[in-house]
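Okay, here's what each chain looks like letter by letter:
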Amino acid sequence: MPTPSELLPEALYTICDPAILSFSTTAELSELDPVLIHPRAMEALRLGLDMPFGGYNLFVLGEAGSGRHAIVAQQLKEESRHGAPPADWCYVLDFADSTRARLLKLPCGRGAQLYREMQDFVDEITPTIAAAFESDDYSTRVESLQEEEKKREEAALRQLGQDAQEGGVALLRTPHGFVFAPMRDAGEPMSPDEFNALSEDEKNAFEAKIRANHEKLHKLMNEFPHWRREVQMAIKELGSEVLRLAVGHLIEDIKRHFADLPDVTAYLDGVMQDIISSGQSMHESTKNDEDNEATIYSGTISAQRYRVNLLVENPTSGERPIIYEDNPTLQNLVGRIEHHVHMGTLVSNFTLIKAGALHRANGGFLVLDARKLLSQPYAWDGLKRTLRSGQIRIESLAELVGLSSTVQLEPEPLPLDLKVILIGERIIYYLLAELDPDFLALFKINADFESEITRTPEGTVQYARLIATLARRDTLRPLSASAVARVIEQAARLAGDAEKLTTLTQPLSDLMREAEHVAGAAGAAVIEREHVESALHAHRYRNERIQERYREEILRGQLLIATDGLHVGQINGLAVAMLGESTFAHPVRITATVRMGEGEIIDIEREVELGGPIHSKGVLILSSFLAARFGWAMPLSLRASLVFEQSYGGVEGDSASLAELAALLSTLAAVPIRQSLAVTGSVNQFGMVQPVGGINEKIEGFFEICAARGLTGGQGVIIPAANICHLMLEPDVVTAVREGHFHIWAVHDTDEAMELLTGLPAGEPNEKGEVPEGTLNYHIALQLAELAQMHQEMLHPPRSRKPRKRKAKQPPA
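About the cut-offs
Residues numbered from 1 in each chain as written. Predicted model: local features only at pLDDT ≥ 70, side-chain atom pairs only at ≥ 80, totals over all residues. Heavy atoms only, no water. Helix = DSSP H or I, 4+ residues; strand = E, 2+ residues; numbered from the N terminus. Rg over C-alpha atoms; globule rule 2.2 N^0.38 Å. Buried < 20%, exposed > 50% of the residue type's maximum accessible area, 1.4 Å probe, protein only. Contact = heavy atoms within 4.5 Å. Areas by Shrake-Rupley, 256 points an atom, 1.4 Å probe, with all protein chains shown as cover. Lys, Arg positive; Asp, Glu negative; His and termini not counted. Charge placed at Lys NZ, Arg CZ, Asp CG, Glu CD. Phe/Tyr/Trp six-rings, centres within 6.5 Å; stacked < 30°, edge-to-face > 60°. Lys NZ or Arg CZ within 6 Å of the ring centre and 35° of its normal. Patch = residues over 30% accessible without salt bridge, like charges linked within 9 Å, V, L, I, M, F, W, Y side chains within 5 Å. Salt bridge = Lys/Arg side-chain N within 4 Å of Asp/Glu carboxyl O. Arc of directions from axis to C-beta. Expected span 1.5 Å × (residues − 1). Polar contact = N/O pair within 3.5 Å; in protein donor to acceptor, adjacent residues only side chain to side chain. Axes fitted to C-alpha atoms, helices over the stretch in contact; angles between N-to-C directions. Parallel < 35°, antiparallel > 145°, perpendicular 65-115°, else oblique. Left-handed = near helix turned anticlockwise from the far one by under 90°. Nonpolar A, V, L, I, M, F, W, Y, C, P; charged D, E, K, R; others polar. Disulfide = S-S within 2.5 Å. Pairing = 2+ DSSP bridges.

**Student:** Please clarify how the overall build of the chain should be interpreted in this entry.
**Tutor:** A tally of helices and strands in the chain yields 27 helices and 30 strands. Radius of gyration (C-alpha) of the chain: 48 Å, far over the 28 Å computed for a compact globule of 813 residues. Overall, the chain is about 175 × 80 × 50 Å in size when its C-alpha atoms are taken along their principal axes. In the chain, which comprises 813 residues, the proportion classed as buried is 48%. Restricting to contacts in the chain with at least 6 residues of sequence separation, those with at least 24 account for 76%. By element, 52% of the accessible surface of the chain is carried by carbon and sulfur atoms, the whole surface being about 40000 Å². Each charge class in the chain was averaged separately, 79 positive and 115 negative side chains, and the resulting centres sit 6 Å apart.

**Student:** Even after reading the chapter, I still don't get the packing of aromatic side chains, so can you show me in this structure?
**Tutor:** Two measures describe an aromatic ring pair: the distance that separates the ring centres and the angle between the ring planes. Under the defined criterion, the tally for this structure stands at twelve aromatic pairs. Ring centres of Phe439 and Phe443 lie 5.6 Å apart, and the angle between their planes is 25°; this geometry places the pair in the stacked category. The same class applies to Phe439 as to Phe443, namely buried. An aromatic cluster is defined as three or more aromatic residues linked by ring pairs; in this entry it consists of Phe59, Trp380, Tyr429, Tyr430, Phe439 and Phe443. Looking at Arg152, its charged tip hangs above the ring of Trp227, at a distance of 4.0 Å from the centre.

**Student:** How do you make sense of a negative patch on the surface when you look at a structure like this?
**Tutor:** Negative charge collects at one region of the surface, where Glu143, Glu147, Glu148 and Glu154 lie side by side. Considering the arrangement of structural elements, one finds Glu154 in helix 4 (residues 136-166). Glu154 gets classed as partly exposed once you look at its relative accessible area, which sits at 36%.

**Student:** Sorry if this is basic, but what is going on with helix 20 (residues 545-555) here?
**Tutor:** Side chains that are three or four residues apart share a direction in an α-helix, a result of its 3.6 residues per turn. All buried positions along helix 20 are accounted for by Gln547, Arg551 and Ile554. Buried residues of helix 20, seen end-on, are gathered within an arc of 60° and therefore sit on one face of the element. Residues of helix 20 that are buried make contact with strand 22 (582-596) and helix 24 (695-709). Just beyond helix 20, the residue with positive phi is Gly557, at close to 85°.

**Student:** Just checking my understanding: could you explain the side chain of Gln570 for this structure?
**Tutor:** Residue placement: Gln570 occurs in strand 21 (residues 570-579). Not counting chain neighbours up to four residues away, the residues in contact with Gln570 comprise Ala562, Arg589, Ile590, Thr591, Ile673 and Gln675.

**Student:** Even after reading the chapter, I still don't get helix 4, so can you show me in this structure?
**Tutor:** Over its 31 residues, helix 4 extends 44 Å from the first C-alpha to the last, a length consistent with the 45 Å expected when each residue adds 1.5 Å. Those residues of helix 4 that fall on the buried side of the exposure criterion are Tyr138, Val142, Glu149, Glu153, Ala156, Leu157, Leu160, Gly161 and Ala164.

**Student:** Is there a simple way to think about the side chain of Ser80 in this case?
**Tutor:** Mapping Ser80 onto the fold places it in the loop between helix 2 (68-79) and strand 2 (87-93). A polar contact of 3.4 Å, which involves the side chain of Ser80, links it to the side chain of Glu319.

**Student:** In this structure, what is going on with the packing of helix 1 (residues 39-50) against helix 2? I would like to understand it.
**Tutor:** Relative orientation and spacing of two packed helices are given, respectively, by the angle between their axes and the distance between those axes. At a minimum axis separation of 11 Å, helix 1 and helix 2 run at an interaxial angle of 40°. By the criterion of interaxial angle, the relationship of helix 1 to helix 2 is oblique. Judged by the sense of rotation from one axis to the other, the crossing of helix 1 with helix 2 is right-handed. Here Met42, Leu45, Arg46, Leu49 and Asp50 of helix 1 come into contact with helix 2, specifically with Ile71, Val72, Gln75, Leu76 and Glu79. Here the contact of helix 1 with helix 2 is built from residues that sort into six nonpolar, one polar and three charged.

**Student:** Explain the environment of Val692 to me, please; I cannot follow it from the model alone.
**Tutor:** Structurally, the position occupied by Val692 is in the loop between strand 28 (689-690) and helix 24. Relative accessible area serves as the criterion here: at 11%, Val692 is assigned to the buried category. Expressed as a C-alpha distance, the spacing of Val692 and Gly109, which sit 583 residues apart in the sequence, is 60 Å. Setting aside anything within four residues of it in sequence, one finds Val692 in contact with Ser655, Thr680, Gly681, Ser682, Lys698 and Asn723.

**Student:** What am I meant to see in the state of the cysteines here?
**Tutor:** Here a disulfide denotes a covalent bond joining the sulfur atom of one cysteine to the sulfur atom of another. Applying the stated criterion to the full structure yields zero disulfides. Free cysteine: Cys90, not disulfide-bonded; nearest cysteine sulfur from Cys108 at 13 Å. We classify Cys90 as buried; its relative accessible area is 0%. Exposure remark for Cys108: the relative accessible area of 16% places this residue in the buried category.

**Student:** I'm lost on the pairing of strand 1 (residues 58-61) in this one. Help?
**Tutor:** Strand residues, when the strand is regular, have side chains that alternate between the two faces of the sheet. Alternating positions in strand 1 separate into two faces, Leu58 and Val60 on one and Phe59 and Leu61 on the other, with burial throughout. In this sheet, strand 16 (residues 419-424) lies alongside strand 1 in parallel orientation, the contact comprising four bridges. What sits directly across from Val60, in strand 16, is Ile423. For strand 1 and strand 17 (residues 445-448), the ladder comprises four bridges, and the chain directions are parallel. Residue Val60 lies in a different strand from strand 17, and its bridge partner there is Ala447.

**Student:** Is there a simple way to think about the pairing of strand 12 (residues 365-369) in this case?
**Tutor:** Counting buried positions over the five residues of strand 12 gives four, a clear majority of the element. Two strands pair when backbone bridges link them, and strand 7 (residues 322-325) and strand 12 are joined in this way by four bridges, in the parallel orientation. Within the sheet, the bridge partner assigned to Ile323 lies in strand 12 and is Leu366. Pairing analysis gives five bridges linking strand 12 to strand 16, with the strands arranged parallel. Note that in strand 16 the partner of Leu366 across the bridge is Val420.

**Student:** Where do I start with the sheet that holds strand 7 in this structure?
**Tutor:** The strands making up a sheet associate through backbone hydrogen bonding, with each pair oriented either parallel or antiparallel. The five strands are arranged 7-12-16-1-17 in an open sheet whose pairing can be described as parallel. At either margin of the open sheet sits one strand with a lone partner, and together these are strand 7 and strand 17. Averaged over all pairs of adjacent strands, the angle between their axes in this sheet comes to 20°, without regard to strand direction. Along the sheet, helix 2 contacts strand 1, strand 7, strand 12 and strand 16; its crossing angle with strand 16, the most-contacted strand, is approximately 165°.

**Student:** Please clarify how the pattern of salt bridges should be interpreted in this entry.
**Tutor:** Between side chains of opposite charge, pairing is possible as soon as their charged atoms come close. Within this structure, the stated rule accounts for 36 salt bridges. The partner of Arg529 in a salt bridge is Glu489, and the shortest N-O contact between them spans 3.0 Å. Taken together, the residues span a long stretch of sequence, with Arg529 in helix 19 (residues 529-543) and Glu489 in helix 17 (residues 481-495) at a distance of 40 residues. Relative accessible area serves as the criterion here: at 26%, Arg529 is assigned to the partly exposed category. For Glu489, a relative accessible area of 2% gives the class buried. With a shortest N-O distance of 3.9 Å, Glu730 and Arg493 are connected by a salt bridge.

Now the structure itself:
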């Protein structure tokens, strides 16, 4: 019969009875609604997605592999079918300022239509303008205007010549320009000799007439440029008339398709006005530069300026976009402006504006990984600026760090209307909430996914539907009821609790995929329990190389671990190692030594900076327990040392504090400890044993060493009683316990553990505080009293006197 504290085999593994599942295979089960597993998180998700106010973005908390992404994707897929349809967004040139880009908003599906029609328009406009300006009618009318202006000039000059001739002065045209000369009576110009022969009065009269005509000629010459500008204006007006006739019908055809969109029709009116004002220059530029694509970067006027940059296109169905940005850099979030090299210079234009994830998700949902977002420079601050302002403003890193000194294109900011969903670990959420004052104002809703659920009969049935859902999602073979039961048992093992089931779906999906492979190799139509067992065995085998090395070193005697015999101040502790997908435990020797001192307990691990703060706290707690129990009536005059033998790495955690205390008490009492036992558990200041993690791995780690050396029936592990509910041990351990070859004891306090380890009763003090002779606590108190007396006599040597008999005392219970 087992002792009252020894555990029965039934307590070591909680099976899942396939009979309670009420189905043959998972093919009979329906999909599981996530709200049954994560009710709190699903309610938060729905609230955040339904709230129309600013700041109600979501942060989804949970552990990696918990299925957060799949559940969020499913919820967003349903939500995307509701709500206002998203808009299409286009950038076009701002004709008033070529360094700016104007934004156009169109109903979903209409942006692509505008893009295509304007692309066709650009393709047609160049030959259309060329044909208009090269037509015979246009040429004839231009020549007519020019001829009229020429005739007007000639008529004015003739009239001036006639007026001068009436006054006896001739207007002569020479290679150097127009000149005036005096005339004879016969109407011929005088020679210089004839002019010199005139009297002074006649000469003065001619000179006065010539000066007067020169003034008239000068005024006339000043009028000619004005007349010519008038002709040019008339030619330009003629060109505008020709362009209006040639291009107007193209614009009107496009406007008819967008008559219900005032912004688009206003833009098309602007296109028409720009063509009228710059069409002739565009024609001249096209004639001089055959590469029309290059003119868009060179600064000359080109028909490419009328293209439409379709920034965001949404389906005509009106379904709201769901965007997952896996690389959330600043540029990938807020967009970017690309550049081309033209004649050694970086140039850009509105057609090179590229959308970011925020643009594509506008009107819908943007899903980001919090850790990836925070690891990108300026990305988190850029996202916050966008959410606070309610506008997507395209920023470049060069501008942010002040490296750009050139004139930059300035696109019009895009109004923001979306939900941002960040997915991350809990530590990231709480750090942001603590350190970033803007975080909680921008992400008001947190959806915290459960890490585990309670293992009740009803919960087990629902969990079977979860398994069926995961299998169906991966198109696996159906699982039999016994296979599902084995997966549920593994879920409890992953949760580290026989009364809980993990919600981490990734390891379960991996297990079922590997079982699917085994079943496929066996040609089975259904995944059975043995296929799941084979997959588990293969997984353990792949990941136990390091564990085998530890076991080999112990069995070869390189790592000193005793599994039989007795030893004072020496005990088997249990340490857990987590490496990748492998978590295992191995025994470690803990020793304690005691000598005279001032009551201090030295943690050697802490002294050499190998011990973590939690481990150091555990040593201080057991020091406090020792002082409270045995130092109330006398000073503790000891100096003790504790160490993990052959430990060459860091030691953290307080799960070995019970073992350390047991080794110390064994040394104080000079009572040996059974080396066939291993101990785990932490203690408080009152000696109560507290639960620890990794309990299954710890028991199995010591069992494997004992089994390799040969089970004697006296070996076992002492665990905290609070850890009984966490036991989901391997079948080999359960079988050994059932056959009496191995034992597991659960203890509530230090005294119970010491009785098992030493075979001596702990010894309860009476009302006077005296401990019965022969008990463990009696030996400890007596040893401490002798150390106190020796310490006192060393400080104050006594005079000659008879020794007196002391009684061991301990404070009353």
